There are 2 protein chains.
Amino acid sequence: MFTIGRNTDYASRIVLHLACLEPGARVTAADIASRRLIPSAFIRRIVSRLSAVGVLATVRGSGGGIALARPAAQITLREVVEAFEGPLSLNVCVASPAICPLSVTCPVQQAWVGATQHLAAFLTGVTFGDLAREIRDPQSVP
Amino acid sequence: MFTIGRNTDYASRIVLHLACLEPGARVTAADIASRRLIPSAFIRRIVSRLSAVGVLATVRGSGGGIALARPAAQITLREVVEAFEGPLSLNVCVASPAICPLSVTCPVQQAWVGATQHLAAFLTGVTFGDLAREIRDPQSVP
DNA sequence: CGTAATGTTACCAGAATAGTAATCTTTATC
DNA sequence: GATAAAGATTACTATTCTGGTAACATTACG
Ligand code: SF4
Ligand code: SF4
């Protein structure tokens, strides 16, 4: 169906949740997991990777939790997606042209490069600051 | 890596190959397979589906072959992609919002809807007529 | 030390992918 | 009509990917 994986979606839920709170607020992963319907044993790896990428800042130990590493307005959807899906590349030959012997003269490749760039530009333009501001239903920001 | 499947890519090779020939030219599947590096036993299913979708017209029996069902300028990359990947939907909730309980208030979904529409528009704008015209190396049009 | 939290690793079942192969149907031609 | 050349259809396999679970390790507070 050509969609992003669940990991990526879960990651966006986590970042969105934090973006809706007070700037700098710190919450436990288990809390987010229950509120955003993320399998509890799953969220560990996701948070781990997001912090490795520099999107989240975590504090271990009792009283710890997770928070945004930067203001939500500086975190793009593209960043979150690429943290789990790798660099955007709608066809294999976009990321590594050498993989296909036809790539030298293939006009379709050019089309995929263009499509990938367009998509990348769009996702770069979406920040979690914008997304958090679009929330209408206060119920979802407990 | 979030890319299209090989089937889809093979399909675009086939359509491109036909688009580079004289309009209405008919060629055997085995011929395309060998020239465009497509596994010979693979091309059957691909051609079959492309003709079911109305992109290719096939003629069975001795002396038969496959040809474009319409002028190349009227066949878009999007059509070929959707024939194998299904309707474009960069996240599961774009095609079927009911699948996610959060979709009612989720601003991320709106972002994915937008991204999907942008991508769809781009791919609709790419026709195989244009692609065939971009071929520079005459070697690839034997 | 005990407890609460994240970090890391290993594991598993099921689905999807890429590819192979065999068999059936149609049809031009001799 | 026999034959052979083509596409149509179906079934199968091996490998990888995915979504998910579980267990254990690490850190920090009090
Ligand atoms: S045939 Fe063209 S589009 Fe397909 S993988 Fe090769 S270079 Fe890319
Ligand atoms: S959380 Fe939002 S983006 Fe993710 S599946 Fe649900 S509605 Fe779609």
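Look up a bit, the structure's there.
From a predicted model like this one, the values you see are computed outputs, not experimental measurements. (Residues numbered from 1 in each chain as written. Chains lettered and ligands numbered in written order. Predicted model: local features only at pLDDT ≥ 70, side-chain atom pairs only at ≥ 80, totals over all residues. Heavy atoms only, no water.)

## Thoughts on the nonpolar core
Part 1 of the argument: Residues Ile-14 and Phe-128 of chain A together with Ile-14, Trp-112 and Phe-128 of chain B are the most contacted members of the largest nonpolar core, which totals 90 residues.
Part 2 of the argument: The element that contributes the greatest number of residues to this core is helix H6 (residues 107-124) of chain A, accounting for 8 residues. (Core = buried A, V, L, I, M, F, W, Y, C linked by side-chain atoms within 4.5 Å. Buried < 20%, exposed > 50% of the residue type's maximum accessible area, 1.4 Å probe, protein only. Helix = DSSP H or I, 4+ residues; strand = E, 2+ residues; numbered from the N terminus.)

## Concerning the packing of aromatic side chains
Residues and elements named next belong to chain A.
Part 1 of the argument: Tallied over the entire structure, the rule returns 3 aromatic pairs over all chains.
Part 2 of the argument: Ring geometry for Tyr-10 and Phe-42: centres 5.8 Å apart, planes at 85°, overall edge-to-face. In this pair, Tyr-10 sits in helix H1 (residues 6-19) while Phe-42 sits in the loop between helix H2 (29-35) and helix H3 (43-53), placing the two residues 32 residues apart along the sequence.
Part 3 of the argument: Since its relative accessible area comes to 13%, Tyr-10 is described here as buried.
Part 4 of the argument: Sitting above the plane of the Phe-42 ring, Arg-45 keeps its charged end 5.2 Å from the centroid. (Phe/Tyr/Trp six-rings, centres within 6.5 Å; stacked < 30°, edge-to-face > 60°. Lys NZ or Arg CZ within 6 Å of the ring centre and 35° of its normal.)

## Section: the relation of the copies chain A and chain B
Part 1 of the argument: The transform that puts chain A on chain B rotates by 180° and translates by 0.0 Å along the axis, for an RMSD of 0.1 Å. Put plainly, the chains are arranged around a two-fold axis. Taking C-alpha positions as reference, the residue of chain A nearest the rotation axis is Leu-119 of chain A, located at 3.3 Å.
Part 2 of the argument: Most of the interface of chain A is mirrored in chain B, where 100% of its interface residues again form contacts. (Least-squares fit on C-alpha atoms with pLDDT ≥ 70 in both. Contact = heavy atoms within 4.5 Å.)

## Considerations on the protein's contact with DNA strand D
Part 1 of the argument: The immediate surroundings of DNA strand D are formed by 23 residues, with Phe-42 and Gly-61 of chain A together with Ala-29, Thr-58 and Arg-60 of chain B found nearest.
Part 2 of the argument: Among atoms of DNA strand D positioned within 4 Å of the protein, sugar and phosphate together represent 68%.
Part 3 of the argument: Between DNA strand D and the protein, one listed contact pairs a phosphate oxygen with a backbone N or O atom of Ala-29 of chain B at 2.5 Å.
Part 4 of the argument: A distance of 3.1 Å separates a phosphate oxygen of DNA strand D from a polar side-chain atom of Ser-48 of chain B.
Part 5 of the argument: Looking at the surface near DNA strand D, the elements that each hand over two or more residues are H1 and H3 of chain A together with helix H3 (43-52) and strand S1 (56-59) of chain B.
Part 6 of the argument: Of all the elements, H3 of chain B adds the most residues to the surface near DNA strand D, at 4 residues.
Part 7 of the argument: Of the residues contributing to the surface near DNA strand D, the split by class is 7 nonpolar, 9 polar and 7 charged. (Near = heavy atom within 4 Å. Polar contact = N/O pair within 3.5 Å; in protein donor to acceptor, adjacent residues only side chain to side chain. Nonpolar A, V, L, I, M, F, W, Y, C, P; charged D, E, K, R; others polar.)

## Overview of the pattern of salt bridges
All names here are of chain A.
Part 1 of the argument: This structure, assessed with the given rule, holds 12 salt bridges over all chains.
Part 2 of the argument: We note a salt bridge from Arg-35 to Asp-31, for which the minimum N-O separation is 3.3 Å. Pair noted here: Arg-35 and Asp-31 are both in helix H2, with a separation of 4 residues, about one helical turn.
Part 3 of the argument: The class for Arg-35 is partly exposed, based on a relative accessible area of 42%.
Part 4 of the argument: In this structure Asp-31 comes out as partly exposed when scored by relative accessible area, which is 21%.
Part 5 of the argument: Look at the salt bridges and you will find they share partners, linking Arg-6, Asp-9 and Arg-13 into a network. (Salt bridge = Lys/Arg side-chain N within 4 Å of Asp/Glu carboxyl O.)

## What to know about the side chain of Thr-116 of chain B
All names here are of chain B.
Part 1 of the argument: Tracing the backbone shows Thr-116 in helix H6 (residues 107-124).
Part 2 of the argument: A residue is classified by how much of its surface remains accessible, and Thr-116, at 7% relative accessible area, is buried.
Part 3 of the argument: If sequence neighbours within four positions are ignored, Thr-116 has contacts with Leu-88, Ser-89, Leu-90 and Val-94.

## Section: H6 of chain B
Part 1 of the argument: Spanning 18 residues, H6 of chain B covers 26 Å between terminal C-alpha atoms, matching the ideal 26 Å at 1.5 Å per step.
Part 2 of the argument: Taken residue by residue, H6 of chain B has Pro-107, Val-108, Gln-109, Ala-111, Trp-112, Gly-114, Ala-115, Thr-116, Leu-119, Ala-120 and Leu-123 of chain B as its buried positions.
Part 3 of the argument: Those residues of H6 of chain B hidden inside the fold are in contact with H1, helix H4 (77-85), H6 and helix H7 (128-133) of chain A together with helix H4 (77-85) and helix H5 (92-95) of chain B. (Expected span 1.5 Å × (residues − 1).)

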